[in-house]
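The lines below spell out each chain.
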Amino acid sequence: PLIFYDNLLLKTSSVTFLLLAGMLLLHLRPHRKPHALGLAVLAGLALGLAATLRGNALFVCIAVFMYLLATKNIKGRKLLEPAAFAAGVAMAIAPLTIANYKACGEFIPITYSGGFNFYEGNSAEATLETPEAYRFTVLAALACLERTSSRPIARGFSTPAQTFGPDLVLSI
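These remarks concern the structure in this document. On a predicted model such as this, the values are computed, not experimentally measured, just so you know.

What follows deals with helix α6 (residues 133-150). Over its 18 residues, α6 runs 26 Å from end to end, which matches the ideal 26 Å to within 8%, given 1.5 Å per residue. Those residues of α6 that are buried lie in contact with α7 (160-164). Where α6 starts, the residue carrying a side-chain oxygen 3.2 Å from the main-chain nitrogen of Tyr 134 turns out to be Glu 132.

For the rest of this paragraph, the subject is the packing of helix α3 (residues 58-70) against helix α4 (residues 80-104). One way to put it is that α3 packs onto α4 with a least axis distance of 8 Å and a crossing angle of 165 degrees. Classified by the angle their axes make, α3 and α4 are roughly antiparallel. Seen from above, α3 lies across α4 with left-handed handedness. Along its contact with α3, which presents Leu 58, Cys 61, Val 64, Phe 65, Leu 68 and Leu 69, the element α4 presents Glu 81, Pro 82, Phe 85, Ala 86, Val 89 and Ile 93. Residue composition of the contact of α3 with α4, grouped by class: eleven nonpolar, no polar and one charged.

End to end, α3 covers 19 Å across 13 residues, agreeing with the expected 18 Å (1.5 Å per residue, within 8%). Taken together, the buried positions of α3 are Cys 61, Val 64 and Leu 68. Viewed along the axis of α3, the buried residues span an arc of 65 degrees, placing them on a single side of the element. Away from its buried face, by an angle of more than 90 degrees, α3 presents the exposed residues Phe 59 and Ala 70. Contact partners of the buried residues in α3: α1 (11-28), α2 (36-53) and α4.

Further remarks concern a nonpolar patch on the surface. A surface patch of nonpolar side chains, amounting to about 350 Å² of accessible area, comprises Phe 59, Ile 62 and Met 66. By the element assignment, Ile 62 lies in helix α3.

Moving on, we get to the packing of α1 against α2. Between α1 and α2, whose axes approach to 8 Å, the crossing angle comes to 160 degrees. The angle between α1 and α2 falls in the class roughly antiparallel. For α1 against α2, the interelement crossing comes out left-handed. Residues Lys 11, Ser 14, Val 15, Leu 18, Leu 19, Gly 22, Met 23, Leu 25, Leu 26 and Leu 28 of α1 form the contact with α2, whose own contacting residues are Leu 39, Leu 42, Ala 43, Ala 46, Leu 47, Leu 49, Ala 50 and Leu 53. When the residues that make up the contact of α1 with α2 are grouped by side-chain class, the tally is 15 nonpolar, two polar and one charged.

Cut-offs applied
- Residues numbered from 1 in each chain as written.
- Predicted model: local features only at pLDDT ≥ 70, side-chain atom pairs only at ≥ 80, totals over all residues.
- Heavy atoms only, no water.
- Helix = DSSP H or I, 4+ residues; strand = E, 2+ residues; numbered from the N terminus.
- Expected span 1.5 Å × (residues − 1).
- Contact = heavy atoms within 4.5 Å.
- Polar contact = N/O pair within 3.5 Å; in protein donor to acceptor, adjacent residues only side chain to side chain.
- Axes fitted to C-alpha atoms, helices over the stretch in contact; angles between N-to-C directions.
- Parallel < 35°, antiparallel > 145°, perpendicular 65-115°, else oblique.
- Left-handed = near helix turned anticlockwise from the far one by under 90°.
- Nonpolar A, V, L, I, M, F, W, Y, C, P; charged D, E, K, R; others polar.
- Buried < 20%, exposed > 50% of the residue type's maximum accessible area, 1.4 Å probe, protein only.
- Arc of directions from axis to C-beta.
- Patch = residues over 30% accessible without salt bridge, like charges linked within 9 Å, V, L, I, M, F, W, Y side chains within 5 Å.
- Areas by Shrake-Rupley, 256 points an atom, 1.4 Å probe, with all protein chains shown as cover.
- Salt bridge = Lys/Arg side-chain N within 4 Å of Asp/Glu carboxyl O.

This is a description of form; function is not addressed.
Pasting the structure below:
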């Protein structure tokens, strides 16, 4: 009764783990001179994977790259470590970028809607006051059920907003 176990892997915990792993690998880098380049690649891979899960983690990758450029690196090879780090980030992001290109025909490294999502989430029009979350879920399910019983619904998948209109949430 005192132990809670849940096997759900959440994006936030995965991003946190990858960011911490990347930072640990970067911290170990100066202490492991023969393996510094390998650690830089692994750090880039970890931080790049974090960026694929959470787009704003790409700013961490950029900051680390700038830090590596500004600090002392392996003797006589100043650009080698930042390049190794960038290669690790590229290896993590490349599959997603290729999939985006195949799907959309455009160069979209991770996501295309970062600025738009920030604006939408922080604009005055984005504010919606609803009942408590569990109560709102029940009310929304009942509203959908009522609308379903009054008219036929097309087969296949659709969201409640697609089926009942974008103003469904406002009527709850």
